[in-house]
There are 2 protein chains.
Amino acid sequence: MPGVKKQPVRAAKPVPIKRRDRERTRQEILDIAFEEFAENGLSGGNTDAIAARANITKRLIFYYFNSKEELFTAVLEMAYAEMRAAEEDLHLEALEPEAAIRRLAEFTFDFHQDHPQFVRLVSIENIHRGRHMAISRRLKEMTQPSISQIAKVLERGAACGAIRPGIDPVELHMTLNALSFFAVANRHTFEAQFAFDMSSPKARAQRRAEIADLLWRCVRGD
Amino acid sequence: MPGVKKQPVRAAKPVPIKRRDRERTRQEILDIAFEEFAENGLSGGNTDAIAARANITKRLIFYYFNSKEELFTAVLEMAYAEMRAAEEDLHLEALEPEAAIRRLAEFTFDFHQDHPQFVRLVSIENIHRGRHMAISRRLKEMTQPSISQIAKVLERGAACGAIRPGIDPVELHMTLNALSFFAVANRHTFEAQFAFDMSSPKARAQRRAEIADLLWRCVRGD
DNA sequence: ACATCAATTATCCGATTGGATAATTATCAA
DNA sequence: TTGATAATTATCCAATCGGATAATTGATGT
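Residues numbered from 1 in each chain as written. Chains lettered and ligands numbered in written order. Predicted model: local features only at pLDDT ≥ 70, side-chain atom pairs only at ≥ 80, totals over all residues. Heavy atoms only, no water.

Comments concerning the environment of Ser199(B)
Residue and element names in this part refer to chain B. To be explicit about the condition: A run of H or I in DSSP counts as a helix once it spans at least four residues, and a run of E counts as a strand once it spans at least two, with each numbered from the N terminus. Any pair of residues with heavy atoms lying within 4.5 Å of one another is described as a contacting pair. Polar contact is the term for a pair of N or O atoms within 3.5 Å; when the atoms are in protein, one must be able to donate a hydrogen and the other to accept it, and sequence-neighboring residues count only if both atoms are side-chain atoms.
With respect to the helices, strands and loops of the structure, Ser199 is situated in the loop between helix H11 (187-193) and helix H12 (201-219). Ser199 sits 144 residues away from Asn55 along the chain, and the two C-alpha atoms are 34 Å apart. Filtering out sequence-adjacent residues up to four positions away, Ser199 remains in contact with Arg187 and Glu191. Looking at Ser199, its side chain comes within polar contact range of the side chain of Glu191, at 3.1 Å.

Thoughts on the relation of the copies chain A and chain B
Selection rule: Superposition of the copies was done by least squares, using only C-alpha atoms of residues whose pLDDT is at least 70 in both.
Once chain A is rotated about the relating axis by 180° and shifted along it by 0.0 Å, it coincides with chain B to within an RMSD of 0.0 Å. In short, the pair behaves as if placed about a two-fold rotation axis. No C-alpha of chain A approaches the rotation axis more nearly than that of Ala178(A), which lies at 2.8 Å.

Structural notes on empty space enclosed by the protein
To find the voids left in a structure, one rolls a probe of water-molecule size over its atoms. All names here are of chain A. Where we set the bar: Cavity means a closed set of points on a 1 Å grid over the protein atoms alone, one where a 1.4 Å probe fits but cannot get out, pocket means an open set with protein on both sides within 12 Å along at least 5 of 7 lines, and lining means a residue has an atom within 4 Å of a point. Grid points are joined across faces, edges and corners, and a volume is the space filled by probe spheres set on the points. Amino acids outside the nonpolar list (Ala, Val, Leu, Ile, Met, Phe, Trp, Tyr, Cys, Pro) and the charged list (Asp, Glu, Lys, Arg) are all regarded as polar, and Gly is one of them.
Applying the stated criterion across every chain, the model contains four cavities of 30 Å³ or more. Approximately 200 Å³ is the volume attributed to the largest cavity. Lining the largest cavity we find 23 residues, and of these Met83, Arg84, His112, His173 and Asn177 sit closest to its centre. No other element matches the five residues that helix H5 (residues 97-114) contributes to the lining of the largest cavity. Considered class by class, the residues forming the lining of the largest cavity number twelve nonpolar, nine polar and two charged.

Quick notes on the packing of helix H4 (residues 68-88) of chain A against helix H6 (residues 116-127) of chain A
Residue and element names in this part refer to chain A. Which entries qualify depends on this criterion: Structural elements are reduced to axes, namely lines fitted to C-alpha atoms, with helices fitted over the stretch in contact, and the angle between N-to-C directions of any two is expressed from 0 to 180 degrees. We call two directions roughly parallel when the angle between them is under 35 degrees, roughly antiparallel when it is over 145, roughly perpendicular when it lies between 65 and 115, and oblique otherwise. Definitions for this section: a left-handed crossing has its near helix turned counterclockwise from the far helix by less than a right angle. A right-handed crossing has that turn clockwise.
Close contact between H4 and H6 brings their axes to 11 Å; oriented N to C, the two are set at 130°. Taken together, H4 and H6 sit at an angle that is classed as oblique. In the packing of H4 onto H6, the handedness of the crossing is left-handed. Each of Phe72, Val75, Leu76, Ala79, Tyr80 and Met83 in H4 lies in contact with H6, whose residues at this interface are Phe118, Leu121, Val122, Ile124 and Glu125. Among the residues making up the contact of H4 with H6, the classes are represented as ten nonpolar, no polar and one charged.

Considering the domain arrangement of chain A
Residues and elements named next belong to chain A. Going by this rule: Source of the domain bounds: an automatic or database domain assignment. Using a 1.4 Å probe, buried area is obtained as the accessible area two parts lose upon being combined, added over both of them. Put simply, a salt bridge is a Lys or Arg side-chain nitrogen that is within 4 Å of an Asp or Glu carboxyl oxygen.
We note that the domain assignment places domain 1 (19-66) and domain 2 (79-219) within chain A. Spacing between the C-alpha centres of domain 1 and domain 2 amounts to 30 Å. Taken together, the contact pairs seven residues of domain 1 with nine residues of domain 2. When domain 1 packs against domain 2, the two sides together hide about 670 Å² of surface, and 61% of this comes from carbon and sulfur. For the domain 1 face of the interface with domain 2, the top three residues by lost area are Phe34, Ala38 and Leu42, together amounting to 67%. At the junction of domain 1 with domain 2, the criterion picks out zero salt bridges. Where domain 1 touches domain 2, the interface holds four residue pairs in polar contact (both at pLDDT 80 or more).

Some remarks on the protein's contact with DNA strand D
Put simply, the test is: One heavy atom within 4 Å of a molecule or strand makes the whole residue count as near it.
Residues in contact with DNA strand D amount to 21 residues; listed here are only the nearest, Asn46(A), Thr47(A), Lys58(A), Arg22(B) and Tyr63(B). Among the atoms of DNA strand D close to the protein, meaning within 4 Å, 56% are from sugar or phosphate groups. Between DNA strand D and Thr47(A), the relevant distance is 2.5 Å, taken from a phosphate oxygen to a side-chain nitrogen or oxygen of the residue. At 2.6 Å from a base nitrogen of DNA strand D is found a side-chain nitrogen or oxygen belonging to Lys58(A). Contributing elements (two or more residues each) for the surface near DNA strand D: helix H2 (47-54) and helix H3 (58-64) of chain A together with helix H1 (22-40) and helix H3 (58-64) of chain B. A per-element tally of the surface near DNA strand D places H3(B) first, with four residues. Considered class by class, the residues forming the surface near DNA strand D number five nonpolar, six polar and ten charged.

Description of helix H10 (residues 169-185) of chain A
All names here are of chain A. Where we set the bar: Helices are assigned an expected span. That span is 1.5 Å times one less than the residue count. Each residue is assigned to one of three classes by its accessible area relative to the maximum for its type, calculated with a 1.4 Å probe on protein chains only: buried under 20%, partly exposed between the two thresholds, exposed over 50%.
With 17 residues, H10 should cover 24 Å at 1.5 Å per step; its first-to-last C-alpha distance of 23 Å lies within 8% of that length. Within H10, 17 of the 17 residues are buried, which leaves it mostly tucked inside the rest of the structure. By the N-cap criterion, in which a side-chain oxygen at the helix start approaches the backbone nitrogen of a residue two or three places on, H10 is capped by Asp168, the distance to Val170 being 3.0 Å.

Remarks on the layout of surface pockets
In this structure, the largest pocket spans a volume of roughly 270 Å³. Surrounding the largest pocket, 20 residues form its lining, Asn40(A), Gly41(A), Ser43(B), Ile127(B) and His128(B) being those nearest its centre. Sort the elements by how many residues they give to the lining of the largest pocket and H6(A) lands first, with three residues. Taken together, the residues of the lining of the largest pocket break down into six nonpolar, ten polar and four charged.

Thoughts on the environment of Leu92(A)
Residue and element names in this part refer to chain A. As for its position among the elements, Leu92 is in the loop between H4 and H5. Among the residues examined, Leu92 registers a relative accessible area of 1% and is labelled buried. Separated by 47 residues in sequence, Leu92 and Gly45 place their C-alpha atoms 39 Å apart. Once you skip the residues sitting within four places of it in the chain, Leu92 turns out to touch Ala100, Arg103, Leu104, Gln149, Val153 and Arg156.

Concerning the interface of chain A and chain B
With 51 residues of chain A at the contact, the number on the chain B side is 50 residues. Buried area between chain A and chain B, both sides added, is near 4700 Å², and the carbon and sulfur share of it is 59%. At the junction of chain A with chain B, the criterion picks out four salt bridges. As a salt-bridge pair, Arg207(A) and Glu171(B) come within 3.7 Å of each other at their nearest N and O atoms. Counting the contacts that link chain A with chain B gives 13 residue pairs in polar contact (both at pLDDT 80 or more). Going through the elements one at a time, H4, H6, helix H7 (131-135), H10, helix H11 (187-193) and helix H12 (201-219) of chain A are the ones with two or more residues in the side of chain A that touches chain B. Top element by residues in the side of chain A that touches chain B is H10(A). It accounts for eleven residues. The residue inventory of the side of chain A that touches chain B, partitioned by class, reads 21 nonpolar, 15 polar and 15 charged.

Put into structure tokens, the structure is as follows:
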């Protein structure tokens, strides 16, 4: 039957409603690529699989993003942008020092717990020595608000004696991130070594409180 | 020229002194595989490359270890065994509580700093959700001494009032490991975001002191 | 209508790579 | 010396996968 398009014999192919919408397609690729890379890493991430799940041709991926590496970079940018956006909603300025520190700790902890795929992606990028982030300018600009928020709390606290002076906001941010990140990223090897639950809601709540206490304990004035 | 073995034109191939020593060969494969996997991950790690660098045939790798996965597991076991061995040399029992806590902190921090490839390997294993560690019994047995050492210090400290009571040794170990691990593992993404040096000897010394202070600050009695 | 250009598809390809088959060689006990 | 066994090599293969070529099709402005 010449002229008849070969129709794959499948269950009612519901004609993907691809409306040739540039942004829509791009975003869909990004979303699926995020999952794929977070799950399988950079070399483990498969462009064929991304294409299949996005219901497009692989060629389209290379059409929008030039290479697998650039796609990965774009995914990173998107992921970080989402985190920074979430941080915007924190309003530490309205709180007294101790409450602000605790709220910051709890937010950061929660974010990591709620976004394990983000944590995985960052781990993966570190395995690649941050070479994709190093290139992207966007990623470096996103960071400012986060730190200055902390700096303000520290200043206010130091002024009224509630927080000891001389604490570097970046360092505090690092400490908090380390604790929050580890609780998700290293869960598996840690649990394998120690009979220590890190995944249940109960364990999570406990560690959350623990970290908030710890952070406050180490910044409060004597 | 039939019958003539193709001789790669290389600098004086020094006839590898392979003495058919089972253990020697096995260990050499492990050492090189460690580097390969730590550098490139599991799917990124190349058995051909391992064979080449070990100056053996790839087949030999599958002869000793049955698959890439099992090789990776063996590498993990070796790496952890080395860390636990290093921990043996810590003699916290001889020190008073504060000194013991500080020494523990500094040792742990130093170990991670000095073994970035180990840190990478652990990150990679976590990306794979610890599925290799979960299987290996050896890896679970190695963990005991480490924790009981900490537990003893905490007990002693609590008894004399220097350390507040009720601290879980595993949790303390987690806190310390999180801080030490992050300082190496997440160096790249962190440095890319914040203009914050984490690699120079000076920065290292500073963070080391910082973590020891922090740990003490959060366990000492009020 | 129609030309244009952007979005999308169909198809192919060469390099890579985990693993398999089978031959070969060193070692060592009897 | 020799036979058996363990260590090692030489080769091959099928599957995977990033990326390239070129054709096709839908939207849009005129």
